[in-house]
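Chain residues, written in single-letter form:
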Amino acid sequence: MAISLNHFSTAGTEVSLGQLLAAREERALLQQKLLTQYGQSLLCVTLTAVGGVKKNALLDYVFAKTREKLTALFTQLAVTPSAEIIRLPETGHEAYFVLPIDAKALKAAMIELEESLPLARLWDLDVFDHTGKLLSRKDFGMPPRACLVCGADAKTCARSRAHAVTEIVAEMQKRVQQHDLAEQIGNAVYQALIQEARLSPKPGLVDSLNNGAHKDMNLQTFEQSAVSLQPFFTLFVLKGMQTAHLPASQILAQVRPLGVLAEKAMFKATHGVNTHKGAIFSFGLVCTAIGRLLQTQDVSKSAVIFEIKSICDLTAQFTQGLTAELKHYPDYLPVTAGVRLFRQFGLTGARGEAESGFQQIQALLPLLDEVHQQDREHGLLLALLHLMATNADTNVVHRGGMEGLHFVQQTANDLLADQTLVSDKAKLTQALVKFDAACIARNLSAGGSADLLALMIFFQTLRGNSHGII
């Protein structure tokens, strides 16, 4: 897939003051009608739209994202609208949701949503209780909404016309482009996870042929997990943008809560099966690093450059001292598999990979590029073998001890030493099928190497954009 910098048109039909006043009156009448008819809380959605044009491609995108987030939130709150009305006149986007939920709880959720994303500053989410009273941020001890451009009180800036329309529209364009890029990155991660899961045959791992050494998961489990995680990778990119002003040493603490939420979503989608916990950790850090790098670039005026080394270097900075946590792990906390394997064998697992800036992947990317010129799938299978040959995979050790790790690494090295297999995809596939059977018999699964392979696929996607430039 290609990642591209999109420009959202702000062209549209200019509306008159009379049309705006008439539209405002229509909204008030519709609000009153819905409140009278249903006697429930009412959510009214409009957008921040400056200037004479109130409906264009940029605002269409913003409105679509508003509806997506509200739909997800209603599901999270376990509430179904009693009525839903969407209107798209030239005077501006409108949405009305009658909801059987306490108005204060609804307003609190809307405030949290407004604070969650830079894009959400372009949403106006008004909540009325069943009597028609409009709830305000002040009722919840929250400050007034900040100005898009300078961060001061938005109403004060609006009254004094502190900023030109062109300046405000430019800020809107920037936020929309950044959100769109974050979504594209999140989708690229999703695609990488799906490609890794479907790649076959993968020794001991779930793929399109079988479930490998796993009895509690299959390909569908991985696909459902990837779907549930896609929005979170977008959020990691946005979190990287929002925290770009903070020192790198503080970023891990900032993103850990988001990682916990992603894990909960994964477990919900897989009914308690750990499919992508390692991937959440690695990709979460990488996406945060990408967001931080994007924040330093003016995406409205220049191309966006993805340099793999810069992404990996930032990840290493975020995680400096992370493996030291294993050395000083508190005795009062439950001993995890990662802690146990570190204490027994000194293995640092995914923590060590991130802290190193994914050195294994950076070293293997040129190989993947070289083989990819002939056959992409062939290259990915060879890349997986290289990872299995060198990676001290804690998933393998957890299942089969150091003996199991030695078997996996030695077998992978033996296969790579046979140039006939390396150059002939059909023969390599036959050898991997045998390797798969041997891993299944020993209950071995190189899940850590699979996570690294997915990350390699993702990096290759970034590099595929004209060698990293979009």
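Predicted model, so just to flag it, every value in this text is computed and none were measured.

Okay, the packing of helix H14 (residues 376-390) against helix H18 (residues 447-463) next. Closest axis-to-axis distance for the H14/H18 pair is 9 Å, and the angle between their directions is 135°. Compared by their axis directions, H14 and H18 come out oblique. As H14 packs across H18, the resulting crossing turns out to be right-handed. Facing Arg376, Leu380, Ala383, Leu384, Leu387 and Met388 of H14, the residues of H18 in contact are Ser449, Ala450, Leu452, Leu453, Met456, Ile457 and Gln460. Per-class residue counts for the contact of H14 with H18 are 10 nonpolar, 2 polar and 1 charged.

For the rest of this paragraph, the subject is the nonpolar core. Most often, soluble globular proteins keep nonpolar side chains buried together rather than apart. Within the largest apolar cluster, 124 residues are counted, with the highest numbers of intra-cluster contacts made by Leu43, Trp123, Phe435, Phe458, Phe459 and Leu462. No other element matches the 12 residues that helix H5 (residues 165-198) contributes to this core.

A sheet is described by the order of its strands in space; here 4 strands give the open sequence E2-E3-E1-E4, paired in antiparallel fashion. Both edges of this open sheet fall to strand E2 (83-87) and strand E4 (123-128), since each of them pairs with a single strand only. Adjacent strand axes in the sheet meet at a mean angle of 15° when their direction is disregarded. One ladder, built from 6 bridges, connects strand E1 (residues 41-47) with E4; its direction is antiparallel. The residue of E4 that forms the bridge with Leu43 is Val127. Packed onto the sheet, helix H1 (residues 17-38) meets E1, E2, strand E3 (94-99) and E4 and runs at close to 15° relative to E3.

A word on the pattern of salt bridges. A full pass over the atoms with the stated rule returns 17 salt bridges. Residue Arg145 is joined to Glu114 by a salt bridge in which the shortest nitrogen-to-oxygen separation is 3.7 Å. Of this pair, Arg145 sits in the loop between E4 and helix H4 (154-160) while Glu114 sits in helix H3 (residues 103-116), and the two are 31 residues apart along the sequence. Judged by relative accessible area, Arg145 falls into the buried class, the value being 15%.

Before going further, it helps to examine unusual backbone geometry. Looking along the chain, the bond that leaves Ser200 and enters Pro201 is cis, with omega of -10°. Tracing the sequence through the fold places Pro201 in the loop between H5 and helix H6 (219-242). The backbone of Ala78 shows a phi angle near 55°, a positive value even though the residue is not glycine. Relative to the elements of secondary structure, Ala78 occurs in the loop between helix H2 (57-77) and E2. Although it is not a glycine, Arg161 adopts a positive phi angle of roughly 50°. Positionally, Arg161 belongs in the loop between H4 and H5. The exposure class assigned to Arg161 is exposed, which follows from its relative accessible area of 74%.

About the cut-offs
Residues numbered from 1 in each chain as written. Predicted model: local features only at pLDDT ≥ 70, side-chain atom pairs only at ≥ 80, totals over all residues. Heavy atoms only, no water. Axes fitted to C-alpha atoms, helices over the stretch in contact; angles between N-to-C directions. Helix = DSSP H or I, 4+ residues; strand = E, 2+ residues; numbered from the N terminus. Parallel < 35°, antiparallel > 145°, perpendicular 65-115°, else oblique. Left-handed = near helix turned anticlockwise from the far one by under 90°. Contact = heavy atoms within 4.5 Å. Nonpolar A, V, L, I, M, F, W, Y, C, P; charged D, E, K, R; others polar. Core = buried A, V, L, I, M, F, W, Y, C linked by side-chain atoms within 4.5 Å. Buried < 20%, exposed > 50% of the residue type's maximum accessible area, 1.4 Å probe, protein only. Pairing = 2+ DSSP bridges. Salt bridge = Lys/Arg side-chain N within 4 Å of Asp/Glu carboxyl O.

None of the figures reported here should be taken as evidence of function without further support.
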